[in-house]
Amino acid sequence: MTTLQTVFEKARAENRSALVGYLPAGFPSKDGAVAAATAMVEAGCDVIEIGLPYSDPLMDGPTIQDAVHRSLVNGTRISDVMRTVEGVAASGAATLVMTYWNPVDRYGAERFARDLASAGGAGTITPDLTPEESEPWLAASKEAGIDTVFLVAPSSPDERISRVASCCTGFVYAASLMGVTGARESVGSAAEGLVKRTRSHTSLPICVGLGVGNGRQAAEVAAYADGVIVGSAFIRRLLDAPDEKTGLAEVRELAQELARGVRR
Amino acid sequence: MTDSVHRQERTTGAGGVLITPADLAGGGVRGDDPDIRGKFGVFGGRYVPEALIPALDEVAAEYEKAKTDLDFIREFDHLLRTYAGRPTTITEVPRFAEQAGGARMLLKREDLTHTGAHKINNVLGQALLTKRLGKTRVIAETGAGQHGVATATAAALMGLECVIYMGAVDCERQALNVARMKLLGATVVPVTNGSQTLKDAINEAFRDWVTNVDRTHYLFGTVAGPHPFPEIVRDFARVIGVEARRQVLELTGRLPDAVAAAVGGGSNAIGIFHAFLDDEDVQLHGYEAGGRGAENGEHALTLTKGSIGVLHGSRTYVLQDEEGQTIESHSISAGLDYPGVGPEHAWLKDSGRAVYHGVTDAEAMEAFSLLARTEGIIPAIESSHALAGALKLGRELGPEATILVNLSGRGDKDMGTAMKYFNL
């Protein structure tokens, strides 16, 4: 299993930021997700977040909602998420699961952490789990030896940043703007300030997500962050493609563009 | 709250103040207030994006100040009296009660408030809070449209911009309320994702809030959601039970044997239950929407058939499958069509202080029609669930019993459904 620590050490040695790509499990199909993520890794993604499709994704914009809905209609289950992680981890990327808390809570925190670790998963990102409620998950993840990534936002005061960062291992996820997921014309100007503030509370790498969709934006963010996270832009390529094969080629091309961006 | 504030307001309040700080927040002496993390036992809390934590902290801090601020309470009280039409009366319904084994049946007439449902209480309180927060825009979710109408009303009254999220299915079921909201100057956004009902409207409102939080207050409509909403909404709805308790004592010389209320998210039920929590001899009965029946899965029996999970920022009972995916609820009543429930109800259920039951669409519609024919009152279909429950309860408790029912809203909005159902 490739760990987040290995990824960021390698990126630092190469004097660049890491590239993190997101895709929900089961989208565009169960095997299609593994194929797309593998293409993303081959084209330069260092980390893959596999989204666990959830019925009420209240932090996601229309693009991810659409993909997740299709995945659920396809009948994606947690066992499929684990199989996807296994397939993607085989490509050599550090593989995370991004999930809302309820599916993990229902599955059982210890069981989820254990199963994710056995599938070769490196950790999780939990966008609606706050430090106050994170204790069971931190304990289960530590026991299973996987990383826990939480989010800070431009609205977070320093004491919250400090508290969130103290729950993180692997990296800290800085949300670039106040809003939901989705590619935007420009990355929020608040992102750089947030990364700066977060640095004073942690020595962990800091990755920026929300709103990044092309190579230019990736380069812009890479100038101040340790990692650049891209999700909706990949999904958009797959949604707009007439078939999976074309979608895969589009995804590969975008990953190449982003990979060049983080190396600029 | 200090005792001196409590006593001072009690004294000055005797001259006609409707609510006191004690009435608003339960006197600050109750052991059941949520703790610092917003927990009722294991329920409640905050499961939301970190981006919203500062806004929730801000709302909580402002409310803590407001609830002991006599100016705030006087302003709220003034609006309840002169705008909402409080206190609402209690109506005894003997002809209806004949069908309930002769038990004495008293209705708390929230249907007589301005806008026609109990929702106005919470909305006026939170609109005042919005002004204190210095925000100029309110957003809200709505199921039946009652909370949306109430929010649009308060926004018009106080000059706030207002956007209402409503499931597309509900927009169709409650077209009249959509027109009312528009007339009141609100923007109504039909939500077309997921089940296109209340839960999806809440998701969409949260998305708006996280995007526009700097100038927007999420005027949450029920006692669910992340802390501090369950506490704030309860406190603003609490006046229902405070009044009713006094009125029943005055009218009958004693407390009721049971209090009955419909439960969707749970705000009208908490509103009438809360003032009775310490009266251990008073039974508290909540009635959830049984829809087409518990057997076929088309229902909104969150407390009676659901399991513990997290939905919309709160740990509570949820309708979910074995992998934590929310199961879509069903009810003939849009206002009860919700797969979650307020965390305080979850806590009241587990502690045994309140008991929750299901009432089917058919039973509710029978009670709806019965109240209209026997008493000349057309209730909301939501409230008809409580009426149907009270009919059963009366037969169980016998003719000596007195039952207080929260008639949470009126049925004008439901005439389309009634026309179809009864072939009128």
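Just so it is clear, the structure is predicted and the values come from calculations on it, not from any experiment. (Residues numbered from 1 in each chain as written. Chains lettered and ligands numbered in written order. Predicted model: local features only at pLDDT ≥ 70, side-chain atom pairs only at ≥ 80, totals over all residues. Heavy atoms only, no water.)

### Some remarks on the overall build of chain A
Here comes step 1: Per the secondary structure count, chain A includes 12 helices and 9 strands.
Here comes step 2: For 264 residues, the compact-globule estimate of 2.2 N^0.38 gives 18 Å, and the C-alpha radius of gyration of chain A, at 16 Å, lies within 12% of that figure.
Here comes step 3: If one aligns the C-alpha atoms of chain A with their principal axes, the spans along those axes are about 45 × 40 × 35 Å.
Here comes step 4: Relative to its 264 residues, chain A shows a buried fraction of 62%.
Here comes step 5: When contacts within chain A are restricted to residue pairs at least 6 apart in sequence, those whose partners lie at least 24 apart make up 73%.
Here comes step 6: On chain A, roughly 9,600 Å² of surface is accessible, and the fraction owed to carbon and sulfur atoms is 47%. (Helix = DSSP H or I, 4+ residues; strand = E, 2+ residues; numbered from the N terminus. Rg over C-alpha atoms; globule rule 2.2 N^0.38 Å. Buried < 20%, exposed > 50% of the residue type's maximum accessible area, 1.4 Å probe, protein only. Contact = heavy atoms within 4.5 Å. Areas by Shrake-Rupley, 256 points an atom, 1.4 Å probe, with all protein chains shown as cover.)

### What about the UniProt feature "modified residue: N6-(pyridoxal phosphate)lysine" (unreviewed entry) in chain B?
All names here are of chain B.
Here comes step 1: Mapped onto this structure's residue numbering, the UniProt feature "modified residue: N6-(pyridoxal phosphate)lysine" (unreviewed entry) falls at Lys119.
Here comes step 2: As for its placement among the helices and strands, Lys119 is situated in helix α6 (residues 119–132).
Here comes step 3: Taking relative accessible area as the criterion, Lys119 reaches 16% and is therefore assigned buried.
Here comes step 4: Setting aside its immediate chain neighbours within four residues, Lys119 contacts Gln146, His147, Ala150, Gly221, Thr222 and Ser267.
Here comes step 5: A polar contact of 3.0 Å, which involves the side chain of Lys119, links it to the backbone oxygen of Gly221. (UniProt positions renumbered as here; feature names shortened; annotations may be inferred. Polar contact = N/O pair within 3.5 Å; in protein donor to acceptor, adjacent residues only side chain to side chain.)

### Observations regarding the nonpolar core
Here comes step 1: If you look at the biggest cluster of nonpolar residues, it comprises 124 residues, and the most contacted ones within it are Phe112, Trp137 and Phe171 of chain A together with Trp209 of chain B.
Here comes step 2: Considering every element that reaches this core, the biggest residue donor is helix α10 (residues 198–212) of chain B, with 7 residues.
Here comes step 3: Taken domain by domain, the makeup of this core includes at least three residues from each of domain 1 (49–84 + 118–226) and domain 2 (90–116 + 235–422) of chain B.
Here comes step 4: Ignoring anything within four residues of it in the chain, the contact list for Phe112 of chain A reads Leu52, Ile78, Met82, Val97, Val104, Tyr107, Thr124 and Trp137 of chain A.
Here comes step 5: Formed by 38 residues, the second largest nonpolar core is a distinct cluster that contains Val59, Leu80, Val123 and Met181 of chain B. (Core = buried A, V, L, I, M, F, W, Y, C linked by side-chain atoms within 4.5 Å. Domains from an automatic or database assignment.)

### Brief notes about the pairing of strand β3 (residues 94–98) of chain A
Residue and element names in this part refer to chain A.
Here comes step 1: Across the 5 residues of β3, 5 count as buried, placing the element largely inside the fold.
Here comes step 2: Residues Ala94, Leu96 and Met98 line one face of β3 and the alternating positions Thr95 and Val97 line the opposite face, and both faces are buried.
Here comes step 3: Relative to β3, strand β2 (residues 47–51) runs parallel, the two sharing 5 bridges. Within β3, the position partnered with Glu49 by the bridge is Leu96.
Here comes step 4: Note: β3 against strand β4 (residues 123–125), 3 bridges, orientation parallel. (Pairing = 2+ DSSP bridges.)

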